[in-house]
Amino acid sequence: MRIMGLDFGSKTVGVAVSDSLLITAQGVEIIRRKEENKLRRTLARIEELIEEYEVEEIVLGLPKHMNASEGIRAELTLEFREKLERRTGLPVTMWDERLTTVMAEKTMIEAGVRREKRREYVDKIAAVFILQGYLDSRSREEHP
């Protein structure tokens, strides 16, 4: 069993997948789309990755404001969740993604990744942070 982590953005979806022991998250790819409302190909690619990696659960980053309120991006993400659940039949857990993009940027800066390249990878790395946070939380609950 594996878990997939997704960072849903207006033009991209960062994808990460756990190892089979549910300990670590690895970045897989960034799904890009030309129009924000065009999700058919995005959902089809996610289905392909679910099959390829034998995913049984999805964790979707929920973009909250720093004061924990939810704005339009959160509403769009919740709508995407409904589409994911209908299309894949898998459970989709929402995970607070505040600061994951900031952490991803910081990680790339510390690794010496050039600014131009950072934009290419930030969504995939943010998906890794979302999924790793979820995996760590599960582990703490199972082994307090």
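Whatever comes next refers back to the structure up there.
The residue count restarts for each chain, going from 1 along the sequence in the order it is written. Owing to the predicted nature of the model, reporting of local features is limited to residues with pLDDT of at least 70; listing and counting of side-chain atom pairs is limited to 80 or more, with chain, interface and lining totals taken over all residues. For the side-chain quantities, the full set of heavy atoms in the structure was used; hydrogens and water were omitted.

This part is about helix 2 (residues 72-88). A run of H or I in DSSP counts as a helix once it spans at least four residues, and a run of E counts as a strand once it spans at least two, with each numbered from the N terminus. In this analysis, the expected span of each helix is defined as 1.5 Å times one less than the number of residues it contains. Along its 17 residues, helix 2 runs 24 Å from first to last C-alpha, staying within 8% of the 24 Å computed at 1.5 Å per residue. Throughout this description, buried means an accessible area under 20% of the type-specific maximum (1.4 Å probe, protein chains only), exposed means over 50%, and partly exposed covers the range between. The set of residues buried in helix 2 consists of Ala74, Thr77, Phe80 and Leu84. Looking straight down helix 2, one finds its buried side chains confined to an arc of 115°; they lie on one side. When the buried face of helix 2 is taken as reference, the exposed residues oriented beyond 90 degrees from it are Ile72 and Arg86. Contacts are residue-level and defined by heavy atoms, with any inter-residue pair within 4.5 Å sufficient. Taken together, the buried residues of helix 2 touch strand 1 (2-8), helix 1 (40-53), strand 4 (55-62) and strand 5 (92-96). Just downstream of helix 2 lies Gly89, where phi reads positive at about 75°. Note: the arc covers the axis-to-C-beta directions of the helix.

Moving on to the sheet that holds strand 2 (residues 12-18). Should DSSP find at least two bridges between two strands, the strands are regarded as paired. Reading across from one edge, 3-2-1-4-5 is the order of the 5 strands in this open sheet, with mixed pairing throughout. The open sheet terminates on both sides in strands that have one partner only, identified here as strand 3 (25-32) and strand 5. Pairs of neighbouring strands in the sheet enclose a mean axial angle of 25°, with direction left out of account. Axes, fitted as lines to C-alpha atoms, cover a helix only where it is in contact. Angles between the N-to-C directions of the axes lie from 0 to 180 degrees. Each of strand 1, strand 4 and strand 5 touches helix 2; the most contacted strand, strand 4, lies at about 170° to it. Of the strands in this sheet, strand 1, strand 2, strand 3, strand 4 and strand 5 are in contact with helix 4 (residues 115-142), which crosses strand 3 at around 140°.

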